[in-house]
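Commentary on secondary and tertiary structure
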Amino acid sequence: MTTNVLPIHHRTVQVRGHEIAYREAGPEDAPVLLLLHGFPTSSHMFRDLIPLLADDYRLIAPDHLGFGRSAAPSAADVDYTFAELAGLTSAFTEALGLERFALYIQDYGSPIGLRLALAHPERITAIISQNGNAYEEGLGAEAWAPVLALIAGRTPETEEPVRAIRSLDGIRWQYETGVPPEYRDLLSPDAWHHDAALMAREGQDAIQLGLIADYGSNFDLYPDFQEYFRTSRVPLLAVWGEGDQVFVPAGAEAFRRDLPDAEIHLLPTGHFALETHAPRIAALIGDFLARRVPLRP
């Protein structure tokens, strides 16, 4: 665990003609932990975790194209799909010269990171999944109903309920749902107001509807992700908010089916577990990586 407060740098890099913003902290020669955020947030979700691990790891957290401070070109000019975001993430790691790294995956970051692992398994030293799903049983039925309807057929009628997911109320629901009363006052309202402001920018409607409509392409890859787990035996730690109704705890437990040595921790919180349990998650990550992936070769 960290004893010194190391600075977090806010940087940008050109990747395939797009400006990609990222946060970085830690020694340049330390093992790398690549932090991939979910919907509807950005690298902002890692603001509390990064300082807790920066003594021992080089932490790098990009904003996906269309999110956070990264470029958000029009959906008329860019094909917003998970394949495209994964390709950009791979190119981002190459632009920064990252040859081997552990992955922290959450929500959208899960299929993006796992696509990267399929393409370059030799680069992945370990996976930390924080409510980052790879199994059908991890899908919360009520939360996914409007999304599955959109995937099945994109019409004005199926688009409208999905738009509500990125409204201020919809985003706040993702932060608050499943968080027990004793942890509610640890939630910063700044988090959902920050996300909602970015989601309200011009062009976001088409960008986000396109990505959500494409989510079915990730379901198609679930068997491949699971085969990757079985063949690679990648060290995996799941730290999961057990109250999450988007990706339910069964998704965490399912990892053991393909990775019997997976370490699973269900925490008393919701979808954005770092908002209430960043110190606990940092301690679990530090212990896991120290045992399963030595700090130095």
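In this text the structure is predicted, and so the values were computed from the model without any measurement.

**Some words on the sheet that holds strand β4 (residues 58–62)**
- The strand order across the open sheet formed by eight strands is β1-β2-β4-β3-β5-β6-β7-β8, and the pairing between neighbours is mixed. Looking along the sheet, the strands with just one partner apiece sit at the ends: β1 (9–15) and β8 (263–267). Each strand axis lies, on average, 25° off the axis of its neighbour in the sheet, ignoring direction.
- Bridge analysis of strand β3 (residues 32–36) against β4 gives three bridges, and the strand direction is parallel. Opposite V32, over in β4, you have R58 as the bridge partner.

**A closer look at helix α12 (residues 274–292)**
- End to end, α12 covers just 22 Å across 19 residues, shorter than the expected 27 Å (1.5 Å per residue, more than 12% under).
- Taken as a whole, α12 carries its principal kink of about 45° at R280.

**A look at helix α6 (residues 168–176)**
- Turning to α6, its buried residues are G170, I171, Q174, Y175 and E176.
- Those residues of α6 that are buried are in contact with α7 (189–199) and α12.

Basis of the calculations
- The residue numbers shown here count from 1 along each chain, following its written sequence.
- Local features in this predicted model are restricted to residues of pLDDT 70 or higher, and side-chain atom pairs are both shown and tallied only at a pLDDT of 80 or more, whereas totals for entire chains, interfaces and linings draw on every residue.
- As a rule here, side-chain values come from all non-hydrogen atoms in the structure, and water together with hydrogens is ignored.
- In this description, strands pair whenever DSSP reports at least two bridges between them.
- A run of H or I in DSSP becomes a helix once it reaches four residues, and a run of E becomes a strand once it reaches two; helices and strands are each numbered from the N terminus.
- Every axis in this analysis is a line fitted to C-alpha atoms, fitted for helices over the stretch in contact. Angles between the N-to-C directions lie between 0 and 180 degrees.
- By definition here, a helix of n residues has an expected span of 1.5 Å times n minus one.
- The seven residues ending at a residue and the seven starting there each receive a fitted axis; the angle between those axes is the bend at that residue.
- When accessible area is computed with a 1.4 Å probe and restricted to protein chains, residues below 20% of their type maximum are described as buried, those above 50% as exposed, and intermediate ones as partly exposed.
- When checking whether two residues touch, look at their non-hydrogen atoms; a contact exists if any pair is within 4.5 Å.

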